[in-house]
Amino acid sequence: MKNVQSIIASMTLEEKAALCTGATPWTTTAVERLGVPEMTVSDGPHGVRHVADVNTLVAASLPATCFPTASCTASTWDVDLLREMGQALAEECIALKVDVVLGPGTNMKRSPLGGRNFEYFSEDPYLAGQVAAAFIEGVQSKGVGTSLKHYAVNNQEFRRMTISAELDERTLREIYLSAFETAVKKAKPWTVMCAYNKVNGSYCSENHKLLTEILKEEWGFEGLVVSDWGAVHDRVASLQAGLDLEMPGPKPRRTKAVVEAVRSGKLDESVLNEAVRRILEIVFKAAKTPKGGNFDIDAHHALARRIAAEGMVLLKNDGLLPLKNPQHIAVIGRAAQTAHFQGGGSSHINPTLVDSPFKELQKLAGNAELNYVEGYSASGESSQALIEQAIQNARSADVALLYIALPESKESEGHDRSDIDLTPQQVALIKAVTAVQPKTVVILNNGAPVAMGDWIGGVAAVLEAWMMGQAGGGAIADVLYGRANPSGKLAETFPLRLIDTPAYLNFPGENGEVRYGEGLFIGYRYYDARQIPVQFPFGYGLSYTTFAYGNPKVSTTSFKDVDGVTVSVQVTNTGKVAGKEIVQVYVHDHKSGLVRSPKELKAFAKVALKPGETKTVSLHLDFRAFAYYHPAYRQWITEDGEFDLLIGASSADIRCTQTVTLQSTLELPSLLDRESTLRDWLEDPRGQHVFGPLFQQVYAQIQATFGGGEGSEGIGMEVSDFAMDMPLLDVFEFQENTLPASPEEMVAELLAQVHGKGQ
Ligand code: BGC
């Protein structure tokens, strides 16, 4: 590694300022005289979108493998597979001479309407964090960098460049930052990309708290922070906040502003030097990996097929699947011929090849007769003629396969969906076909949940095939014919109706702001807490085999938070074919100081089992599995008490429960202050110690004052609750003439004892 410090010392102010803004839309600025090369970045995340001419922002990109998008990869719950995909992406980056791939994106799916949900993993921060980390580890293990994006609270496209996400600190930490935190700490991405939006009024690109205090100082992020493309408004303010590299370039105006700010003393040169240091470290790290050569197109296509099959989720199956060699198959729906396998926007990959779902089906169908009709048009317009054709086709077949893809225009960067429905034509088509052919399978291509209530009752099976990547057509055939036993499970809840969803009343905001009014309660946290029925719960997915859970155990029933606890369960394949089960562990806190979700995912494992085989799955739960973020303490805390460990096949299918007792090792400062109530004083151990002895006397006086005295009904008010919720200071105000000192002095004295001052 070059000596970065000596290079910085040799750089002119202009060179330093220039390094902090891109030279082109996709490359950083080289400093040739000092041997600093340029670094090339390209979009992802589920493929490499490298434009041949780095001087153009939007242009056709070079062919690369289009892997399934994040909705699908997260549904694999297979971190090893994500790692493998990351390695393949890195090989393509190397061949295409790309140093850093701009992904993965790990924002939460707050509303199913979010336009980029297909690029994001989950509604659950634990799952999203684990899969993002695995993806990053895979890419970076080959000496190629990643850009974890979009940091932070980027959950919608509506007014995406200016909207302010308004949320409380605890929700920010537990839900919206947590996956980033896991990925940063575990996998150390080379770069983190800041989001366009504001968080609580401050642009992410100028947000010192997010970029410096939390990301760099608290989490120890050592890489560079890059702006989303065009997210910088004030370059000097963004540098001060911790944004190291602005993209895209060139932007001489920015360089000038930075130079002038240093000269005028507005910007401390050490701030610029630190950004330069971070950029140089990554540029030299990237340069260590020789670029060029080829990648194995066929091997990567095969991997894309494997991942797609592994991420598809079998949502319903009355036994029709896997297909048992039907001789006449009605293939209905244009997505059977024209694969719908990715979404619109910056992640749009130019695929190396694309599987035709129809042709791949044909390959596995042997001598069966396949008849195709379009069913619905690309434009989405309703057509009774297409429905009539489909009915004819389905009626005479042994089985109907309905390939239903959401119109491309529905899911794209740049805008949110306005509903979660299939098109009216598609719904009418499904209903018409199932009316004449009960043996109908619906195969869905979409990047986020769709409502199914209108039609699911009539179909025999539903396969969620997602935006399945370029090899998805083959993967569908593999699953339909049982060459792959489906083992994906939902990484997000499928609601029954849009109006049931947690952010419904607050999405996408107005007046420049979007209020995260549902707080911690997104996804299953919300449906669980409110007991709202859903179409399919988080963590749900069927298999062609069945699994039994038994013999749950914990390493200890009582443990210290810092030690954690290990939970194990035996899982048996009780069916006739090999399959994979995703075992999930949720934690339920019996009692907590602040409100918590009924359950939170804290561990999972995917286990492959032959028929009849049993394996023991052991999962460790650490401090963070039990902790929550306490805004008053400004840290993650644990509390003594009992927790249920819920071992399940989905968030709604808990198979075994173990109850454990946690002892917190934290010594937290007292939160008592001038506004603390009598109840607060008595519940706080130190408060109880100093105020306890005075309590009876104080309380008797309250009763005398507000209770109307003995034998009187007073004013018909229950004094005890009322009194316990009064701040001690206010209580003393009413008792002023009986006190040895003023109420303020009395409380100050007690607080001094509690906080250990003045003794
Ligand atoms: C997107 C990023 C992308 C960048 C570069 C932005 O509009 O939000 O995800 O990496 O463009 O194309």
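Quantities reported herein were computed from a predicted structural model and do not represent experimental measurements. (Residues numbered from 1 in each chain as written. Predicted model: local features only at pLDDT ≥ 70, side-chain atom pairs only at ≥ 80, totals over all residues. Heavy atoms only, no water.)

### Concerning the overall build of the protein chain
Assigned secondary structure in the protein chain consists of 23 helices and 27 strands. Taken over the C-alpha trace, the protein chain has a radius of gyration of 29 Å; the compact-globule value for 759 residues is 27 Å, and the two agree within 12%. Expressed as lengths along the three principal axes of its C-alpha atoms, the size of the protein chain is roughly 100 × 75 × 50 Å. Taking all 759 residues of the protein chain together, 60% fall into the buried category. Counting only contacts in the protein chain whose residues sit at least 6 apart along the sequence, the fraction spanning at least 24 positions is 76%. Entry remark: accessible area of the protein chain is about 28700 Å², with carbon and sulfur atoms responsible for 49%. Both charge centroids of the protein chain, one from 69 positive and one from 91 negative side chains, sit 7 Å from each other. (Helix = DSSP H or I, 4+ residues; strand = E, 2+ residues; numbered from the N terminus. Rg over C-alpha atoms; globule rule 2.2 N^0.38 Å. Buried < 20%, exposed > 50% of the residue type's maximum accessible area, 1.4 Å probe, protein only. Contact = heavy atoms within 4.5 Å. Areas by Shrake-Rupley, 256 points an atom, 1.4 Å probe, with all protein chains shown as cover. Lys, Arg positive; Asp, Glu negative; His and termini not counted. Charge placed at Lys NZ, Arg CZ, Asp CG, Glu CD.)

### Re the site of the ligand
Surveying the vicinity of the ligand reveals 14 residues, the closest of which are Asp43, Arg116, His150, Tyr196 and Asp228. Here an oxygen atom of the ligand and a side-chain polar atom of Glu413 are 3.0 Å apart. Summarising the interface, the protein chains cover 94% of the accessible area of the ligand, which totals 310 Å² for the free molecule. Within the shell around the ligand, the residues separate by chemical class into five nonpolar, two polar and seven charged. (Near = heavy atom within 4 Å. Polar contact = N/O pair within 3.5 Å; in protein donor to acceptor, adjacent residues only side chain to side chain. Nonpolar A, V, L, I, M, F, W, Y, C, P; charged D, E, K, R; others polar.)

### Structural notes on the environment of Arg278
The residue Arg278 is located in helix 11 (residues 269–287) in this model. For Arg278, a relative accessible area of 7% gives the class buried. The contacts of Arg278, once residues within four sequence positions are left out, are Lys216, Phe221, Glu222, Gly223, Leu224 and Asp244. At a separation of 2.9 Å, a polar atom in the side chain of Arg278 contacts the side chain of Glu274.

### Examining helix 6 (residues 169–176)
Where burial is concerned, most of helix 6 is hidden: seven out of the eight residues are buried. Among the residues of helix 6, Arg170, Thr171, Leu172, Arg173, Glu174, Ile175 and Tyr176 are the ones counted as buried. Capping the start of helix 6 is the job of one residue whose side-chain oxygen sits 3.1 Å from the backbone nitrogen of Arg170: Asp168.

### Comments concerning a nonpolar patch on the surface
A surface patch of nonpolar side chains, amounting to about 340 Å² of accessible area, comprises Ile499, Tyr504 and Leu505. Take Ile499: it is sitting in the loop between strand 15 (494–495) and strand 16 (513–515). With a relative accessible area of 47%, Ile499 lands in the partly exposed category. (Patch = residues over 30% accessible without salt bridge, like charges linked within 9 Å, V, L, I, M, F, W, Y side chains within 5 Å. Salt bridge = Lys/Arg side-chain N within 4 Å of Asp/Glu carboxyl O.)

### Details of helix 5 (residues 125–140)
With 16 residues, helix 5 extends 22 Å between its outermost C-alpha atoms, agreeing within 8% with the 22 Å of an ideal straight helix rising 1.5 Å per residue. Burial runs high along helix 5: 14 of the 16 residues are buried. Sitting at the amino-terminal end of helix 5 is Asp124, which places a side-chain oxygen 2.9 Å from the backbone nitrogen of Tyr126. (Expected span 1.5 Å × (residues − 1).)

### So, the nonpolar core
Within the largest apolar cluster, 198 residues are counted, with the highest numbers of intra-cluster contacts made by Tyr151, Trp455 and Leu480. If we ignore the near neighbours within four places in the chain, the residues touching Tyr151 are Leu177, Phe180, Val192, Met193, Cys194, Ala195, Cys204, Leu210, Leu211, Ile214, Leu215 and Trp219. By size, the runner-up hydrophobic cluster in this structure holds 27 residues, among which are Val554, Val583, Ala605 and Ala649. (Core = buried A, V, L, I, M, F, W, Y, C linked by side-chain atoms within 4.5 Å.)

### A closer look at the environment of Ala432
For Ala432, the location among the structural elements is in helix 15 (residues 424–436). The class for Ala432 is buried, based on a relative accessible area of 15%. On a C-alpha basis, the gap between Ala432 and Gly458 in space is 9.9 Å, while along the polypeptide they are 26 residues apart. Aside from chain neighbours lying at most four places away, what touches Ala432 is Ile387 and Ile391.

### What about the sheet that holds strand 16?
What the four strands build is an open sheet, ordered 7-6-4-16; its pairing is mixed. A strand with exactly one partner marks an edge of an open sheet, and here the two such strands are strand 7 (202–203) and strand 16. (Pairing = 2+ DSSP bridges.)

### Considering the pattern of salt bridges
Under the definition given, this model contains 48 salt bridges. Here Arg160 and Glu413 are joined by a salt bridge, their closest N and O atoms 3.0 Å apart. Residue Arg160 is located in the loop between strand 3 (145–151) and strand 4 (164–166), and its partner Glu413 is located in the loop between strand 12 (399–405) and helix 15; the two are separated by 253 residues in the primary sequence. With relative accessibility at 17%, the residue Arg160 sits in the buried group. One salt bridge in this structure joins Arg596 and Asp589, with 3.0 Å as the shortest N-O distance. One exposure class covers both Arg596 and Asp589, and it is buried. Look at the salt bridges and you will find they share partners, linking Arg305, Asp355, Glu360, Lys363, Asp478 and Arg483 into a network.

### Brief notes about a negative patch on the surface
On the surface, Asp673, Glu675, Asp680, Glu683, Asp730, Glu733, Glu736, Glu744 and Glu745 cluster together into a negatively charged patch. Mapped by element, the contributors of at least two residues to the negative patch are helix 19 (678–683), helix 22 (728–734) and helix 23 (743–754). Relative to the helices and strands, Glu683 resides in helix 19.

### A look at the packing of aromatic side chains
Enumeration according to the criterion identifies 21 aromatic pairs in this entry. Judged by centre distance (6.0 Å) and plane angle (75°), the ring pair of Trp466 and Phe494 falls under edge-to-face. On the criterion of sequence distance, the pair formed by Trp466 in the loop between strand 14 (461–464) and helix 16 (472–480) and Phe494 in strand 15 is long-range, its members being 28 residues apart. Take Trp466 and Phe494: they sit in the same class, and that class is buried. On the basis of an interplanar angle of 15° and a centroid distance of 5.0 Å, the ring pair of Phe536 and Tyr540 is categorised as stacked. (Phe/Tyr/Trp six-rings, centres within 6.5 Å; stacked < 30°, edge-to-face > 60°.)

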